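One-letter residues, chain by chain:
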Amino acid sequence: MKVTKKLFGEINWENVYEYTLKNDKGIEISCLDYGCVITKIVTPDRHGKYENIVLGFEDIESYREKSPYFGAVVGRVAGRIKGGEFELEGRTYTLANNDGKNHLHGGVKGFNDVIWEAEITEGEDEIKIEFSYTSLDGEEGYPGNLDVKVEYILNNDNEFIIQYKAETDKTTLFNPTNHSYFNLSGNLKRDVLEHSLKVDSSKFLEIDEELLPTGKVLEVSDTVFDFRKGRKIKEGVSSNYIQNKIVGQGYDHTFILNSNNSEILLWDEESGRKLVMNTDAPAVVLYTSNQLEEGMDLYGVSSRSYLGLCLETQIPPDAIHHESFPDCILRPEEIFISRTKYTFSLE
Ligand code: G6D
């Protein structure tokens with residue numbers, strides 16, 4: 001196990017560092033203390049070729065100015081909050097609206113856009129980086145001083161674990177996720193249309209024209225949202241189903257997981273790479289980068305739609321406005337803990 005640290009850039013004269021965790025089998029995870037952004041994940045293909053499998057930039061300016069949350073930890077609340085407003089314990093809170101009339105992914109300056117404290121712990125069979133950040137009372141409109149810790153752990157079983165932990169001194173909302181865009185082809189050689197996905201989910205959330213949940217829970221049966229037996233991403237991209245059309249041909253949807261230790265499999269036949277995710281989160285958002293900005297330089301590859309896909313494990317978006325959804329309220333006497341494990345292998 002090895003960890004290296006290098007200067008990646010600076011923001012307002014504050015240094016930003018990139019940390020690379022490498023296990024004894026050659027798997028590498030690189031990440032920044034800025035937004036806990038995962039910049040690279042390097043794994044072997046069926047021929048033993050080690051290549052990067054996530055979208056990212058090589059400079060801090062690109063992350064600050066044009067990143068659609070590449071690799072970032074998102075919060076306080078992942079997803080959209082309708083109208084950027086919510087009521088909690090008799091008070092109405094108004095958030096920063098950064099997505100039309102709605103609040104998205106923690107607002108104008110969410111967790112993705114702050115520098116976290118980093119502490120490394122090296123073990124024989126695992127390396128851990130603990131990122132810490134205190135979101136002050138009123139930040140982006142949210143109540144409560146919120147202490148957040150995000151752990152990235154890589155071990156010699158080719159498992160990468162993300163653990164989110166938070167405590168607050170006032171009742172608030174909290175719903176974190178990681179927004180990495182995966183592409184198992186290796187060094188973004190191909191898009192993700194031929195990737196296959198299997199999700200242990202029988203239901204998904206209907207969304208409206210503003211990409212907000214309507215509150216209606218739909219059955220996946222007999223639709224291109226049924227990933228229970230595995231399905232290629234391209235089927236949703238070419239689908240005429242209105243739910244695929246309103247997101248710009250593809251997926252940008254929340255799947256309600258069938259258990260609190262559901263498995264999500266993503267694999268690419270050509271490279272042989274497989275990613276298995278296990279999570280205690282109640283839902284996962286599948287976003288197939290339907291309208292990814294064209295022409296950004298991603299490690300020498302020009303960005304385009306469907307170049308990556310996100311599997312954002314979380315509480316359903318806009319939960320505060322839907323009593324039937326699992327809730328994202330965090331109270332002072334509670335400790336929020338959630339873990340998602342990513343296991344890299346070959347099929
Ligand atoms: C778009 O609707 C999508 C979101 O789901 C995604 O997280 C964001 O782009 C990066 O707003």
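Residue numbers run consecutively from 1 along every chain, following the written order of its sequence. Totals for whole chains, interfaces and linings use all residues, but because this is a predicted model, local features are given only for residues with pLDDT of at least 70 and pairs of side-chain atoms are given and counted only at 80 or more. Side-chain numbers here rest on the full set of heavy atoms in the structure, without hydrogens or water.

- Identification of the protein as Aldose 1-epimerase from Clostridium tanneri is taken from an unreviewed UniProt entry.
- Looking at the Catalytic activity (unreviewed entry) heading of the UniProt record, one finds this comment for the protein: "alpha-D-glucose = beta-D-glucose".
- UniProt positions are given in the numbering used here, feature names are shortened, and annotations may be inferred rather than shown by experiment. As recorded by UniProt, the Pathway (unreviewed entry) comment attached to the protein reads in full: "Carbohydrate metabolism; hexose metabolism."

As for the side chain of E130
Working step 1: A run of H or I in DSSP becomes a helix once it reaches four residues, and a run of E becomes a strand once it reaches two; helices and strands are each numbered from the N terminus. Note on placement: E130 falls in strand β12 (residues 126-135).
Working step 2: Partly exposed residues are those whose accessible area sits between 20% and 50% of the maximum for their type, while under 20% is buried and over 50% is exposed, using a 1.4 Å probe and protein chains only. Note that His is not counted, nor are the chain ends; the positive residues are Lys and Arg, and the negative ones are Asp and Glu. One speaks of a salt bridge when a side-chain nitrogen belonging to Lys or Arg is within 4 Å of a carboxyl oxygen belonging to Asp or Glu. One buried charged side chain, E130, makes no salt bridge at all; its nearest oppositely charged neighbour is K149, positioned 4.1 Å away.
Working step 3: By the convention used here, residues are in contact when the closest approach between their heavy atoms is within 4.5 Å. When near neighbours in sequence (up to four residues on either side) are disregarded, E130 contacts E117, A118, E119, K149, V150 and E151.

Description of the packing of aromatic side chains
Working step 1: Only Phe, Tyr and Trp rings take part, Trp by its six-membered ring, and two of them pair if their centres are within 6.5 Å. Stacked means planes under 30 degrees apart, edge-to-face means over 60, and tilted covers everything else. Applying the stated rule across the entire model yields 23 aromatic pairs.
Working step 2: Among the aromatic residues, those joined into a ring-pair cluster are F8, F57, Y63, F70, Y181 and Y287.
Working step 3: Two conditions define a charge located above a ring, namely a distance within 6 Å from the ring centre to NZ of Lys or CZ of Arg, and an angle within 35 degrees of the ring normal. A cation over a ring is seen here: K5 above Y17, with NZ or CZ 4.3 Å from the ring centre.
Working step 4: A cation over an aromatic ring shows up here: K40 above the ring of Y299, its NZ or CZ 4.8 Å from the ring centre.

Points about the environment of Y34
Working step 1: Inspection of the secondary structure assignment puts Y34 in the loop between β3 (28-32) and β4 (38-44).
Working step 2: According to the relative accessible area criterion, Y34 is buried, its value standing at 3%.
Working step 3: Residues Y34 and K49 lie 15 residues apart in sequence; the distance between their C-alpha atoms is 29 Å.

Quick notes on the pattern of salt bridges
A side chain with one charge can pair with a side chain of the opposite charge if their charged atoms come near.
Working step 1: Per the counting criterion, the structure on display carries 20 salt bridges.
Working step 2: For R190, the salt bridge is made with E270, and the minimal N-O distance between the two is 3.4 Å. In this pair, R190 sits in the loop between β17 (181-182) and β18 (196-199) while E270 sits in the loop between β23 (262-267) and β24 (273-279), placing the two residues 80 residues apart along the sequence.
Working step 3: When its relative accessible area of 23% is taken as the criterion, R190 is described as partly exposed.
Working step 4: For K232, the salt bridge is made with E194, and the minimal N-O distance between the two is 2.7 Å. Here the residue K232 occupies a position in strand β21 (residues 231-232), and E194 occupies one in the loop between β17 and β18, the gap between them amounting to 38 residues.

Brief notes about the site of the ligand
Working step 1: Proximity is defined per residue: if any heavy atom of the residue lies within 4 Å of a molecule or strand, that residue is considered near it. With respect to spatial proximity, the complete set of residues near the ligand consists of P68, Y69, R80, L104, H105, H179, Y181, L211, D252 and Y287.
Working step 2: Side-chain atoms alone can form a polar contact between residues adjacent in sequence; in general such a contact is a pair of N or O atoms within 3.5 Å, and within protein one must be able to donate a hydrogen while the other accepts it. Contacts to the ligand include R80, whose side-chain N or O atom sits 2.9 Å from an oxygen atom.
Working step 3: H179 places a side-chain nitrogen or oxygen 2.7 Å from an oxygen atom of the ligand.
Working step 4: Residue type decides the class: Asp, Glu, Lys and Arg count as charged, Ala, Val, Leu, Ile, Met, Phe, Trp, Tyr, Cys and Pro as nonpolar, and the leftover types, Gly among them, as polar. When grouped by side-chain class, the residues that make up the shell around the ligand number six nonpolar, two polar and two charged.

A closer look at the sheet that holds strand β1 (residues 2-11)
Working step 1: Two strands qualify as a pair provided DSSP detects at least 2 bridges between them. Spatially, the five strands line up as an open sheet ordered β1-β2-β3-β4-β5, and their pairing is antiparallel. The strands lining the two open edges of the sheet, one partner per strand, are β1 and β5 (50-52). When the angles between neighbouring strand axes are averaged without regard to direction, this sheet yields 15 degrees.
Working step 2: Inspection of the sheet shows β3 paired to β4 by four bridges, in the antiparallel sense. Counted as the bridge partner of I29 is I41 from β4. Here, axes are lines fitted to C-alpha atoms. For helices the fit covers the stretch in contact, and angles between N-to-C directions go from 0 to 180 degrees.

Brief notes about the pairing of strand β30 (residues 336-346)
When a strand is regular, its side chains alternate between the sheet's two faces.
Working step 1: Judged from the eight bridges that link them, strand β14 (residues 159-168) and β30 form a sheet pairing that is antiparallel. From the neighbouring strand, E159 faces β30, where its bridge partner is T343.

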